[in-house]
Amino acid sequence: MTQLTPDHATRFATATLSHLGREYPYKMDLVLNDPEDAKPPREHHPIFHGSFDWHSCVHGWWQILRLARRFPDLPVAADIRARADAMLVPDKVAGELAFLARPYAAGFERPYGWAWLLALHAEAERHDAPWAAALEPLALAFAARFHAFLPKLTYPLRVGTHFNIAFALLLARHWTETRDADLVALIDTRARDWFGHDRDCQAWEPGGDEFLSSALTEAHLMAAVLGSEFTGWFDAFLPRAAQQQPATLFTPASVSDRSDGKIAHLDGLNLSRAWSWRAIASALGPAHPTAPIAEDAAQHHLAAALPHVTGDCMGEHWLASFALLALDGF
């Protein structure tokens with residue numbers, strides 16, 4: 001299985017640093033309340049005004065901080081730390097918090113951006129630096145939004161794009177494990193409510209612009225939630241996985257046009273599937289008949305997407321984060 005190398009780290013981090021502070025083009029998630037709201041992205045988002053959109057900027061920061069921790073002696077790591085010292089500071093975080101207090105901002109970046117911000121905070125805590133302390137108020141604000149939102153979400157969001165609830169809970173749960181026992185319990189309860197009785201998944205995917213596998217992301221989350229119960233659940237959820245069925249889950253998606261931002265999502269699908277297949281194989285254990293098949297599927301999906309992480313701005317502004325997940329886990 002391909003592993004994360006210093007060459008990968010340099011390639012990913014160099015590309016990401018090039019667009020983290022690039023203000024344009026930028027896709028705002030903004031309800032205009034009055035003419036005064038028509039102002040540049042950096043005035044709304046003092047930290048996360050690059051990388052084409054808010055959530056890509058957030059997980060771009062997660063990615064470079066993680067790479068700096070994994071490979072602290074690379075020349076690019078010093079650039080990352082200097083950038084973080086300048087940007088991940090309390091006054092800029094206050095500006096991001098102010099945006100959340102705006103009218104009509106309750107659904108801002110729900111749930112994808114919420115989860116990635118928690119992931120960024122968790123990574124920042126692993127560094128001997130003031131970044132996590134600065135980000136903590138923002139992380140707590142999004143944790144509070146999860147607390148309020150999950151009880152009223154009657155039905156799960158199973159789509160393969162930003163609204164997928166299993167992906168958000170997978171990232172959020174990682175943050176909660178040592179910080180918020182009540183939110184862990186809420187996540188686990190909701191996951192069991194929504195997915196615990198799913199059987200014989202047909203896996204009607206991929207959709208034409210999806211970057212997450214509805215089926216595999218759900219299984220990935222349930223591996224974290226169920227622990228020793230996971231194997232029994234998985235065998236009922238994908239009962240023919242050892243025979244590589246449904247075949248679509250074992251076949252990398254084809255990407256026809258990487259300059260099309262939506263179609264380029266399919267490279268992300270291949271990377272996120274690789275991440276999930278590896279996690280599922282680990283949770284099943286080597287004795288399970290699906291485990292080696294899952295590892296093989298992960299490698300095939302990774303090989304299909306890894307050469308395309310950089311090269312076109314529609315993928316380059318976000319794909320490296322998913323490549324890092326695929327190569328190195330979470």
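An account of the accompanying structure is given in this report. Fair warning: this is a prediction, and the values are worked out from it, not measured in the lab.

Comments concerning the overall build of the protein
Secondary structure summary: the protein contains 15 helices and 0 strands in total. Relative to the compact-globule value of 20 Å for 330 residues, the protein shows a C-alpha radius of gyration of 19 Å, a close match. Referenced to the eigenvectors of the C-alpha coordinate spread, the extents of the protein come out at roughly 55 × 45 × 40 Å. Taking all 330 residues of the protein together, 56% fall into the buried category. Long-range contacts, defined as pairs at least 24 residues apart, comprise 76% of the intrachain contacts of the protein with a sequence gap of at least 6. Carbon and sulfur atoms form 54% of the exposed surface of the protein, whose accessible area is close to 13,300 Å². Averaging the positions of the 27 positive and the 39 negative side-chain charges in the protein gives two centres separated by 1 Å.

A few points about the packing of helix H8 (residues 165-176) against helix H10 (residues 214-226)
One can describe the packing of H8 onto H10 by two numbers: an axis separation of 8 Å at closest approach and a directional angle of 30°. As H8 packs across H10, the resulting crossing turns out to be left-handed. Taken together, the residues of H10 that come into contact with H8 (itself represented by Ala166, Phe167, Leu169, Leu170 and Arg173) are Thr217, Glu218, His220, Leu221, Ala224 and Val225. Of the residues contributing to the contact of H8 with H10, the split by class is 7 nonpolar, 2 polar and 2 charged.

Here we look at empty space enclosed by the protein
What the rule picks out here adds up to 2 cavities of 30 Å³ or more. For the largest cavity, the calculated volume is near 60 Å³. Of all the secondary structure elements, the ones that give two or more residues to the lining of the largest cavity are helix H3 (54-70) and helix H6 (112-124). When grouped by side-chain class, the residues that make up the lining of the largest cavity number 4 nonpolar, 1 polar and 4 charged.

So, the layout of surface pockets
Considered as a void within the structure, the largest pocket measures approximately 550 Å³ in volume. Lining the largest pocket are 25 residues, and of these Lys27, Asp53, His55, His162 and Lys262 sit closest to its centre. For the lining of the largest pocket, the leading source of residues is H3, giving 4 residues. Tallied by class, residues from the lining of the largest pocket come to 10 nonpolar, 9 polar and 6 charged. Space inside the second largest pocket adds up to approximately 210 Å³. Considering the residues around the second largest pocket, the lining is formed by Leu169, Leu170, Arg173, His174, Glu177, His220, Leu221, Ala224, Trp275, Ala279, Gly329 and Phe330. Put simply, the parts of the chain that give the lining of the second largest pocket at least two residues each are H8, H10 and helix H12 (265-284). Broken down by element, the lining of the second largest pocket gets its largest block of residues, 4 residues, from H8. Per-class residue counts for the lining of the second largest pocket are 7 nonpolar, 3 polar and 2 charged.

Considering helix H7 (residues 131-149)
Taking 1.5 Å of rise per residue, the 19 residues of H7 would be expected to cover 27 Å, and the 27 Å separating its terminal C-alpha atoms lies within 8% of that figure. Maximum bend of H7: about 40°, positioned at proline 137. Along H7, the residues that are buried comprise Trp131, Ala132, Ala134, Leu135, Leu138, Ala139, Phe142, Ala143, Arg145, Phe146 and Phe149. Among the structural elements, H3, helix H4 (75-87), helix H5 (90-100), H6, H8 and helix H9 (181-195) are those in contact with the buried residues of H7.

Looking at the pattern of salt bridges
Taken as a whole and assessed by the stated rule, the structure comprises 15 salt bridges. Two residues, aspartate 37 and arginine 102, come together in a salt bridge whose shortest N-O distance is 3.0 Å. Here the residue aspartate 37 occupies a position in the loop between helix H1 (6-20) and helix H2 (41-44), and arginine 102 occupies one in the loop between H5 and H6, the gap between them amounting to 65 residues. Like arginine 102, aspartate 37 is buried. The partner of arginine 273 in a salt bridge is glutamate 205, with the nearest N and O atoms 2.9 Å apart.

As for the environment of proline 25
Mapped onto the fold, proline 25 is located in the loop between H1 and H2. A relative accessible area of 53% places proline 25 in the exposed class. With 179 residues separating them in the primary sequence, proline 25 and tryptophan 204 have C-alpha atoms 33 Å apart.

Remarks on H3
Compared with the 24 Å implied by 1.5 Å per residue over 17 residues, the 25 Å span of H3 between its first and last C-alpha is a close match. Counting buried positions over the 17 residues of H3 gives 15, a clear majority of the element.

Here is what the cut-offs are and how they apply
- Residues numbered from 1 in each chain as written.
- Predicted model: local features only at pLDDT ≥ 70, side-chain atom pairs only at ≥ 80, totals over all residues.
- Heavy atoms only, no water.
- Helix = DSSP H or I, 4+ residues; strand = E, 2+ residues; numbered from the N terminus.
- Rg over C-alpha atoms; globule rule 2.2 N^0.38 Å.
- Buried < 20%, exposed > 50% of the residue type's maximum accessible area, 1.4 Å probe, protein only.
- Contact = heavy atoms within 4.5 Å.
- Areas by Shrake-Rupley, 256 points an atom, 1.4 Å probe, with all protein chains shown as cover.
- Lys, Arg positive; Asp, Glu negative; His and termini not counted.
- Charge placed at Lys NZ, Arg CZ, Asp CG, Glu CD.
- Axes fitted to C-alpha atoms, helices over the stretch in contact; angles between N-to-C directions.
- Left-handed = near helix turned anticlockwise from the far one by under 90°.
- Nonpolar A, V, L, I, M, F, W, Y, C, P; charged D, E, K, R; others polar.
- 1 Å grid on protein atoms, 1.4 Å probe; cavity = no way out; pocket = protein on both sides within 12 Å on 5 of 7 lines; lining within 4 Å.
- Points joined across faces, edges and corners; volume = space filled by probe spheres on them.
- Expected span 1.5 Å × (residues − 1).
- Bend = angle between axes of the 7 residues up to and from the residue.
- Salt bridge = Lys/Arg side-chain N within 4 Å of Asp/Glu carboxyl O.

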